[in-house]
Amino acid sequence: MSRIALLGEGPLPGPGAVDTSFAQLRLAQLHAGLAGEHDVAVVDVRTARVAEALADLRPDAVVTAGTYGPTRAAVAAAGDLPLCLDLPGDPFADAQMVAAFGDADAVAEDARAVFVPALLRGDAFTTIGGPSRHALLGQLGLLGRTARTPPSEEWAHVTPVAWSFPGLAEASRRAAGAPVRVALVGGFNTWFDGETLLAGLLRAMDRGAVEVEVIGGPIPGHHVETWARFAAGARASAHARRFRFHDRLPPAALADALARCSVGVVLDRAGYEPELGSRTRLLLYLHQGLRVVATARCELARDLAAGGWLHEVPCANPVALADALLGPAVPPADRGPLRARYGIAATTAGLRGWAARPLRRAIHGDADLVASLVRTRDELRASLAEVHASPTWRVLDRLRRLAAR
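The paragraphs below set out a description of the structure included in this document.

Conventions and cut-offs
- Along each chain, residue indices are assigned from 1 in the same order as the chain's sequence is written.
- Totals for whole chains, interfaces and linings use every residue, but because this is a predicted model, local features are given only for residues with pLDDT of at least 70 and side-chain atom pairs only at 80 or more, for both listing and counting.
- Working from all heavy atoms in the structure, the side-chain values ignore hydrogens and water.
- Pairs of strands are assigned from DSSP output, requiring at least two bridges between the strands.
- Only DSSP runs of H or I reaching four residues or more are called helices, and only runs of E reaching two or more are called strands; each is numbered from the N terminus.
- The axes are straight lines fitted to the C-alpha atoms, using for helices just the contacting stretch, and the angles between their N-to-C directions are given from 0 to 180°.
- Note on contacts: a residue pair qualifies if any of its non-hydrogen atoms lie within 4.5 Å across the two residues.
- We call a residue buried when its accessible area falls under 20% of the maximum for its residue type, exposed when it is over 50%, and partly exposed in between, using a 1.4 Å probe and counting protein chains only.
- To define a nonpolar core, start from buried Ala, Val, Leu, Ile, Met, Phe, Trp, Tyr and Cys residues and group those joined through side-chain atoms within 4.5 Å.

1. Focus: the sheet that holds strand β1 (residues 3-8)
Step number 1: Judged by pairing direction, the sheet is parallel, and its 6 strands sit side by side in the order β2-β1-β3-β4-β5-β6 without closing on themselves. Strands at the two margins of the open sheet, each flanked by one partner only, are β2 (39-44) and β6 (156-158). Mean inter-strand twist for the sheet, computed between neighbouring axes without regard to direction, equals 20 degrees.
Step number 2: The strands touched by helix α16 (residues 349-356) are β1, β3 (61-64), β4 (83-87), β5 (124-127) and β6; relative to β3, the strand with the most contacts, the crossing angle is about 160 degrees.

See below:
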């Protein structure tokens, strides 16, 4: 048994939790997988002094869950501990999509500043699927890290999103009959095609009895104009009364809202992020017994479509979306295989194997990049020190300590 420090954006979601973001779901997934075989301590990188927490815990290894925040903290604070970095998707593909709607140079530089040192420092990695694993192996090879390791050694462990949603029981019962009730759950992130979604929904409403439950909204740091245009267009349309808008809901209220629905929709924009990423909400809809209509750009969506669990529609095609929503309500195929394929045990097998024998790897690569790693580590430490010295952080830290008592 290893003692593992699991760095993520916590806390772990529990009963009554309102925020069930991807970061929290990912943290819960890796925690559930590791905790069955190892001694796991969660470190919330948003509130903890990470270096001090690791010194107190004295773990055998450090594992991250999620992307930017946990990666920054781990590279800055892990020292010589074995480190497994979670890259759920490809950060450079993410940057491409974000750059299309903002300052391309700044976004690209931020991605390089965080993830080149991370790729040089990590001793192992978890990815969200096969395509992102391949991209990661190419990046590690370019940095000179894979050339001097035996072919039998695995760098990247595929860790798909899991069939597990804290606080939500698996549901099979759906509202019967008309109207068609559409569920839109989660954030309108940069790669979510809100324009096609709105056009397709309004077209379907023109043709039949369609209602929509919108549960979520904009995500800070993403292209929030997508949400603004969708919400404004829906509220200004002739079908405004058919849209119901909610903020994030606790599990019980979310289950109630989804029980009123019959179909969940996910639409991706063109770009590399959908190819190299995944879509947790696809499994959420199936977990709650909904029919799923979606583009099939990511590996998860393609696998679900091939198995009969997902009705595929083309990208940027509102007519196809409307047709799919108003088409025959064919129930999804038996979900039994999904429980096994995307269960905690299956999705975290590679990570658990690494955690049983967490070893450091030599950093073979470009000397300039190694120097860059050291500089970035020092800059991250200085940045964290500034945060910890700020009045806001001190007040929040004091409140957190009082609450913990």
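2. Digging into the pairing of strand β10 (residues 263-266)
One face of the sheet, then the other: side chains in a regular strand alternate in exactly this way.
Step number 1: Burial of the side chains of β10 extends over both faces: V263 and V265 are buried on one face and G264 and V266 on the other.
Step number 2: Sheet analysis places strand β7 (residues 180-188) next to β10, joined by 2 bridges and oriented parallel. Counted as the bridge partner of A183 is G264 from β10.

3. Structural notes on the sheet that holds strand β9 (residues 243-246)
Step number 1: Strand order across the open sheet formed by 6 strands is β9-β8-β7-β10-β11-β12, with parallel pairing between neighbours. Unpaired on one side and paired on the other, β9 and β12 (311-312) mark the two borders of the sheet.
Step number 2: Note that β7 and strand β8 (residues 210-218) share 9 bridges and pair parallel. Note that in β8 the partner of G186 across the bridge is G216.
Step number 3: Each of β7, β10 and β11 (291-294) is contacted by helix α11 (residues 280-287), which is oriented at about 145 degrees to β7, the strand it contacts most.

4. Description of the nonpolar core
Step number 1: Ranked by size, the top nonpolar core spans 61 residues in total, and within it V182, L197, F230 and F243 carry the most contacts.
Step number 2: The residues touching L197, leaving out its near neighbours within four places in the chain, are L184, F188, F192, F230, V265, L267 and L321.
Step number 3: Listed in part, the 31 residues of the second largest apolar core include A5, L7, V114 and L136.

5. Considering unusual backbone geometry
With the exception of glycine, the majority of residues adopt a negative phi angle, and the majority of peptide bonds are in the trans configuration.
Step number 1: P11 follows G10 through a cis peptide bond whose omega is 0 degrees.
Step number 2: Within the element layout of this structure, P11 appears in the loop between β1 and α1 (22-35).
Step number 3: Positive phi, close to 50 degrees, is recorded for R58, a residue that is not glycine.
Step number 4: Mapped onto the secondary structure, R58 falls in the loop between α2 (50-57) and β3.
Step number 5: The class of R58 is exposed, set by a relative accessible area of 69%.
Step number 6: Positive phi outside glycine occurs at A316, with the angle close to 55 degrees.
Step number 7: Structurally, the position occupied by A316 is in the loop between β12 and α13 (318-326).

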